[in-house]
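Read off the chains here:
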There are 2 protein chains.
Amino acid sequence: MTTLHPATRAADAPGEAPSETPEATMAALGRAAREAARALARAETATKNAALAAAAAAIRARAPAILEANARDLAAARTRGLKGALIDRLELTDARIEAMARGLEDIAALDDPVGAVMAEWTRPNGLVIRRLRTPLGVIGVIYESRPNVTADAGGLCLKAGNAVILRGGSESFQSSTAIAECLSEGLARACLPPGCIQMVPTRDRAAVGAMLRMAGVIDVIVPRGGRGLIERVNAESRVPVFSHLDGNCHTYVHAAADVGMARDIVFNAKMRRTGICGATETLLIDAEVADAMLPAILAPLFEAGCEFRGDARARAVDPRIRPASEEDWATEYLDSILALRVVDGIDDAIAHIERYGSHHTEAIVTADEAAARRFLDRVDSAIVLHNASTQYADGGEFGMGAEIGISTGRLHARGPVGVEQLTSFKYVVRGDGQVRP
Amino acid sequence: MTTLHPATRAADAPGEAPSETPEATMAALGRAAREAARALARAETATKNAALAAAAAAIRARAPAILEANARDLAAARTRGLKGALIDRLELTDARIEAMARGLEDIAALDDPVGAVMAEWTRPNGLVIRRLRTPLGVIGVIYESRPNVTADAGGLCLKAGNAVILRGGSESFQSSTAIAECLSEGLARACLPPGCIQMVPTRDRAAVGAMLRMAGVIDVIVPRGGRGLIERVNAESRVPVFSHLDGNCHTYVHAAADVGMARDIVFNAKMRRTGICGATETLLIDAEVADAMLPAILAPLFEAGCEFRGDARARAVDPRIRPASEEDWATEYLDSILALRVVDGIDDAIAHIERYGSHHTEAIVTADEAAARRFLDRVDSAIVLHNASTQYADGGEFGMGAEIGISTGRLHARGPVGVEQLTSFKYVVRGDGQVRP
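Everything numeric in this text was worked out from a predicted model, so none of it was measured.

A. Representation of the overall build of chain A within the structure. The secondary structure content of chain A amounts to 16 helices and 16 strands. Taken over C-alpha atoms, the radius of gyration comes to 24 Å for chain A, in line with the 22 Å a tight globule of 437 residues would show. Overall, the C-alpha framework of chain A stretches about 70 × 70 × 35 Å when taken along its three principal axes. When each of the 437 residues of chain A is scored for burial, the buried share is 56%. The long-range fraction of contacts in chain A, counting pairs at least 24 apart against all pairs at least 6 apart in sequence, stands at 74%.

Next up, the structure:
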């Protein structure tokens, strides 16, 4: 094992670094990150990839130690009475450890965005202007109990040339620390500074507050977790945030939809995985086809155990549908529950989405090209789809490789946030003595 | 004259709207802006251009009224003892009014960024993914005494499909209001909602605080003004900010520079206009050529009345150079003053820029391609130039048309902020029934 940076070495101890204030701890991490970011911005692609490969190897080699750390986290979580879904997110298995290692290798295989020419043009005076991708600088990632985010986020930030400060959930502190050690080993083997990937070495919640005030040191904060975390970060942060809100996604079945296609898309959009942010939470269907199409669309969903909350017109079609409250339209169930509203045509559907949606991902099912165009044009969401499942809202499915999340913000990054979205740019201008008239 | 929106009609009175709290006033503007933004996002290019042309015509037609409003502002400013440069910025003339009108026509002539396909690819499963430019939404522009910003910023935001809330300096309140009325007339003639361009109808400084808290209503704040304004906005804003800090720009004369080219570029970079953000404030020159090159480089600058603040090695070359303090390296003079440091090669120059610069614009003069590449690669500024004047830091000079400023931030917009930088994007996905495995 290679020597670790002091900021991560504290993690070798069973607890956390106790000696400093959270502000002092974070300031030290910030200084190391900024210095590392300068070195990393110029690092060769091969060097970054070597670090990722070595980190993957370290994760495989240290799997027993990671599982042991995870067992300590799990025991503590059960003692504190954590429930099923939270325990499931926290738990690591051999398969999940292998997936983390392979994830790092997949990131290594992605194109390096840094240095890519985004645009190039020549001015009449002969100046050649190029817009080149550069790293963003220092990224702060704040996440909850999934320890694998440590490897995913660390790897993505590294590939894009950014230093990263990782702040995992306190439940997964031991597991995340064990994983971060593997990343540190990867950096060391590639002779990259340890400040490239650092984990906050304390469970103290004040460290999060300190991170959110580090404007000028951290360039962007990426929160990954539930609504509570996102709202705290958005409310408190003095650093720009890539908001990864969960999604209240809609599928709209237009009057001109093919009923078989609608059935398959709605089923997939709701049931393929109910817990992901691209899962459809509300089904909208045109009134003129509700009677004809709903039975076919609902049958496989009922069969799979899906529960429905509908408006009066929907309930008139099928009495098994429970009444929806106003709150249902705004709820992200992340479960086998689907809200269902009968609408009066496309503009009614768009208005419903505008009112209750979260600007994440919405789909229309229709064979009418003009209707599709109107929907795709007018719905103000990061991702809009025609005749496809909302569960395609995913960086991997977009061909962008791994993603750190889906942004519902409108600035800089929108939709899947992969390595390319973790970059900035600069203008490089070449002349031969031009002076401005 | 067409009917104006209540929010701007208040401006017809000599003072401001007195009846509501600033928060209530701003909330009403915000609601109108969001609604207008929805309409504007779908507006045809021809409609937006018609509004811009009609606004330009209104500015020409109402020039006497604008000059009269400006005379009232000027009289009040002189009574309060405002100084030369401030008065100059505030003052409108026939030529400046014509320039405003022409500026709007120039914006109309720009390509419409909205709807442009930024990227398009097809996935193996047949999904066609397109990344399309969309407006950002609602932009808040906070500026100081230059009344022409009203027309420039209003026109740029409109062209990019954004609603804008303009908050001008209190000194230019009457002038800006008269100009905003012309923009409103343009909107009305093109049948666009008045909420597309609104001016804050009060001088109350609390309105700025209210704007900065309108997260979710205003999508981005663009401050234009001096350091005090920018710092207040950055410190207080809960809304993302495109920071338009002024620039502490550097020109570095490398040992392999052509002395005649260095002389011309340095003279232009400092003296063409000393008051713009792309003006060079510090000259760095390699020690091995300082004796040989500095006399030729400094001669025309001294002749033009430029004053120098230099380190000991520079002063050894020319005794007319005053001693520089530590503060000089970080100062943006915006005047005929140039800081001058003799450095020990390219890495020393880069380190100086990293330490004291503002990440705006820096230039290297050299005939050595490897040195140029090293400088362009390693200097972390929005714009880096080789063998050209830093005064090219300008959206117009980049061929981007009018700009709302130069951003020194790293997120979303960096460098000149023109119509394209005032947009967001969304992903439009076309399928034929795909469901995710």
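B. Highlighting the packing of helix α3 (residues 45-61) of chain B against helix α6 (residues 94-109) of chain B. Residue and element names in this part refer to chain B. The contact between α3 and α6 brings their axes to 8 Å, and the two run at 170 degrees. It follows from the interaxial angle that α3 and α6 lie roughly antiparallel. Within the contact between the two elements, α3 uses Asn49, Leu52, Ala53, Ala55, Ala56, Ile59 and Arg60 and α6 uses Ile97, Met100, Ala101, Leu104, Glu105, Ile107 and Ala108. Within the contact of α3 with α6, the residues separate by chemical class into eleven nonpolar, one polar and two charged.

C. Structural context of the domain arrangement of chain A. The domain architecture assigned to chain A consists of domain 1 (6-236) and domain 2 (249-397). When each unit is reduced to the centre of its C-alpha atoms, the spacing between domain 1 of chain A and domain 2 of chain A is 36 Å.

D. Expanded view of the sheet that holds strand β13 (residues 383-388) of chain A. Pairing in this open sheet of ten strands is mixed, and the strands run β10(A)-β9(A)-β11(A)-β8(A)-β7(A)-β12(A)-β13(A)-β16(B)-β2(B)-β1(B) from one edge to the other. If you trace the sheet from one side to the other, it starts and ends with β10 (322-323) of chain A together with β1 (117-122) of chain B, each paired once. Along the sheet, helix α12 (residues 287-303) of chain A contacts β7 (249-253), β8 (280-286) and β11 (337-343) of chain A; its crossing angle with β8 of chain A, the most-contacted strand, is approximately 145 degrees.

E. Structural context of the packing of helix α7 (residues 149-159) of chain A against helix α8 (residues 173-189) of chain A. Residue and element names in this part refer to chain A. Where α7 meets α8, the closest approach of the two axes is 9 Å, and the angle between their N-to-C directions is 30 degrees. As α7 runs across α8, the sense of the crossing is right-handed. Residues Thr150, Ala151 and Gly154 of α7 lie in contact with α8, whose contacting residues are Ser176, Ile179, Ala180 and Leu183. Looking at the contact of α7 with α8 residue by residue, the class counts come to four nonpolar, three polar and no charged.

F. A look at the relation of the copies chain B and chain A. Once chain B has been moved 0.0 Å along the axis and rotated by 180 degrees, it coincides with chain A to within an RMSD of 0.0 Å. Both copies of the chain, as the preceding transformation shows, are related through a two-fold rotation axis. For chain B, the minimum C-alpha distance to the rotation axis belongs to His412 of chain B and amounts to 1.9 Å. When the interface residues of chain B are mapped onto chain A, 100% of them again lie at the interface, so the same face is used by both copies.

G. Structural context of the interface of chain B and chain A. The partner chain A presents 50 residues to the 50 residues of chain B that form the contact. Contributions of two or more residues to the side of chain B that touches chain A are made by α11 (259-271), α16 (369-378), β13 (383-388) and β16 (423-434) of chain B. Ranked by the residues each element gives to the side of chain B that touches chain A, the list is headed by β16 of chain B, at eleven residues. Of the residues contributing to the side of chain B that touches chain A, the split by class is 22 nonpolar, 14 polar and 14 charged. Looking at chain direction, strand β16 (residues 423-434) of chain A and β13 of chain B are connected through five bridges and run parallel. Bridge pairing in β13 of chain B links Val428 of chain A to Val384 of chain B.

H. Structural context of the pairing of strand β6 (residues 220-224) of chain A. Residue and element names in this part refer to chain A. In terms of residue burial, β6 counts as a mostly covered element, since five of its five residues are buried. Side-chain alternation along β6 places Val220, Val222 and Arg224 on one buried face and Ile221 and Pro223 on a second face that is also buried. Looking at chain direction, strand β3 (residues 138-143) and β6 are connected through five bridges and run parallel. When the bridges of β6 are listed, Val141 appears paired with Val222.

I. Molecular detail of the sheet that holds strand β11 (residues 337-343) of chain B. Taking strand neighbours across the sheet as the criterion, the ten strands line up as β1(A)-β2(A)-β16(A)-β13(B)-β12(B)-β7(B)-β8(B)-β11(B)-β9(B)-β10(B) in an open arrangement whose pairing is mixed. The open sheet terminates on both sides in strands that have one partner only, identified here as β1 (117-122) of chain A together with β10 (322-323) of chain B. Bridge analysis of strand β7 (residues 249-253) of chain B against strand β12 (residues 361-365) of chain B gives four bridges, and the strand direction is parallel. Residue pairing in the sheet places Tyr252 of chain B in a bridge with Ile364 of chain B of β12 of chain B. This element, helix α12 (residues 287-303) of chain B, spans β7, β8 (280-286) and β11 of chain B of the sheet and lies at about 145 degrees to β8 of chain B. Its contacts with the sheet put α16 of chain B on β16 of chain A together with β7, β12 and β13 of chain B, and the angle it makes with β13 of chain B is roughly 160 degrees.

J. Geometry of the nonpolar core. Core analysis: the largest hydrophobic core is formed by 152 residues, its most contacted members being Met211 of chain A together with Met211 of chain B. When near neighbours in sequence (up to four residues on either side) are disregarded, Met211 of chain B contacts Met26, Gly140, Ile142, Ile165, Arg167, Ile218 and Ile221 of chain B.

K. Examining unusual backbone geometry more closely. Despite not being glycine, His359 of chain A shows a phi value in the positive range, around 60 degrees. Relative to the helices and strands, His359 of chain A is located in the loop between α15 (346-356) and β12 (361-365).

L. Region of interest: helix α2 (residues 22-41) of chain A. Relative to the 28 Å expected for 20 residues at 1.5 Å per residue, α2 of chain A spans 28 Å between its end C-alpha atoms, a close match to the ideal helical length. Residues Thr25, Met26, Leu29, Gly30, Ala32, Ala33, Ala36, Ala37 and Leu40 of chain A constitute the buried set of α2 of chain A.

M. Geometry of the pairing of β12 of chain B. All names here are of chain B. Among the five residues in β12, five count as buried, and that is most of the element. Bridge analysis of β12 against β13 gives four bridges, and the strand direction is parallel. Its bridge partner lying in β13, Ala363 is registered against Leu385. For the crossover that starts at β12, traverses α16 and ends in the parallel β13, the hand is right-handed.

N. Molecular detail of helix α4 (residues 63-79) of chain A. All names here are of chain A. The terminal C-alpha atoms of α4, which comprises 17 residues, lie 24 Å apart, in line with the 24 Å expected from a rise of 1.5 Å per residue. Residues Ile66, Ala69, Asn70, Asp73 and Leu74 constitute the buried set of α4. Taken down its axis, α4 places every buried residue within 145 degrees of arc, on the same side. With respect to the buried face of α4, the exposed residues turned more than 90 degrees away are Pro64, Ala75, Arg78 and Thr79. Against the buried residues of α4 lie α5 (84-90), α6 (94-109) and α8. Looking one or two residues past α4, Gly81 carries a phi angle of roughly 80 degrees, positive in sign.

O. Molecular detail of the environment of Asp348 of chain B. Inspection of the secondary structure assignment puts Asp348 of chain B in helix α15 (residues 346-356). For the pair Asp348 of chain B and Val266 of chain B, spaced 82 residues apart in sequence, the C-alpha to C-alpha distance is 19 Å.

P. Examining the environment of Arg322 of chain B more closely. Residues and elements named next belong to chain B. The topology assignment puts Arg322 in strand β10. Accessibility expressed as a C-beta count within 10 Å gives 14 for Arg322, which makes it partly exposed. When neighbours within four sequence positions are excluded, Arg322 is seen to be in contact with Phe308 and Arg309.

Q. Summary view of the confidence of the model for chain A. Across chain A, the average pLDDT comes to 92, with 96% of residues at or above 70. In the model output, the complex is listed with pTM 0.89 alongside ipTM 0.90.

What counts and how
Here the residue index of a chain counts from 1 through its sequence in written order. Numbering of ligands from 1 and lettering of chains from A proceed in the order in which they are written. Note on the predicted model: pLDDT of at least 70 is required for a residue's local features to be given, and 80 or more for side-chain atom pairs to be given and counted; whole-chain, interface and lining totals, by contrast, use all residues. Secondary structure elements are defined from DSSP: runs of H or I of at least 4 residues count as helices, runs of E of at least 2 residues count as strands, and each element is numbered from the N terminus. Both definitions apply: the radius of gyration is a C-alpha atom measure, and the globule rule equals 2.2 Å times residues to the power 0.38. Each residue is classed by its C-beta neighbour count within 10 Å, where at least 20 other C-beta atoms makes it buried, 12 or fewer makes it exposed, and intermediate counts make it partly exposed; the C-beta atoms are placed from backbone geometry. Any pair of residues counts as being in contact when their C-beta atoms, constructed from backbone geometry, are within 7 Å of one another. Interaxial angles span 0 to 180 degrees and are taken between N-to-C directions of axes, which are lines fitted to C-alpha atoms, for helices over the stretch in contact. Here roughly perpendicular refers to angles of 65 to 115 degrees, roughly parallel to angles under 35, roughly antiparallel to angles over 145, and oblique to all remaining angles. For this classification, the nonpolar set comprises Ala, Val, Leu, Ile, Met, Phe, Trp, Tyr, Cys and Pro, the charged set comprises Asp, Glu, Lys and Arg, and every other residue, Gly included, is treated as polar. The start and end points of each domain follow an automatic or database-based domain assignment. By the convention used here, strands pair only if DSSP detects at least 2 bridges between them. Each crossing gets its handedness from the near helix: less than a right angle anticlockwise from the far helix is left-handed, clockwise is right-handed. The copies were overlaid with a least-squares fit restricted to C-alpha atoms from residues scoring a pLDDT of at least 70 in each copy. In this usage, the nonpolar core is the set of buried Ala, Val, Leu, Ile, Met, Phe, Trp, Tyr and Cys residues whose C-beta atoms join them within 7 Å. For a helix, the expected span equals 1.5 Å multiplied by the number of residues minus one. Consider the strands pointing away from the viewer: the crossover is right-handed when the path from the first strand over the helix to the second runs clockwise. What the arc covers is the set of directions going from the helix axis to the C-beta atoms. How sure the predictor is of each residue is captured by pLDDT, a score from 0 to 100.

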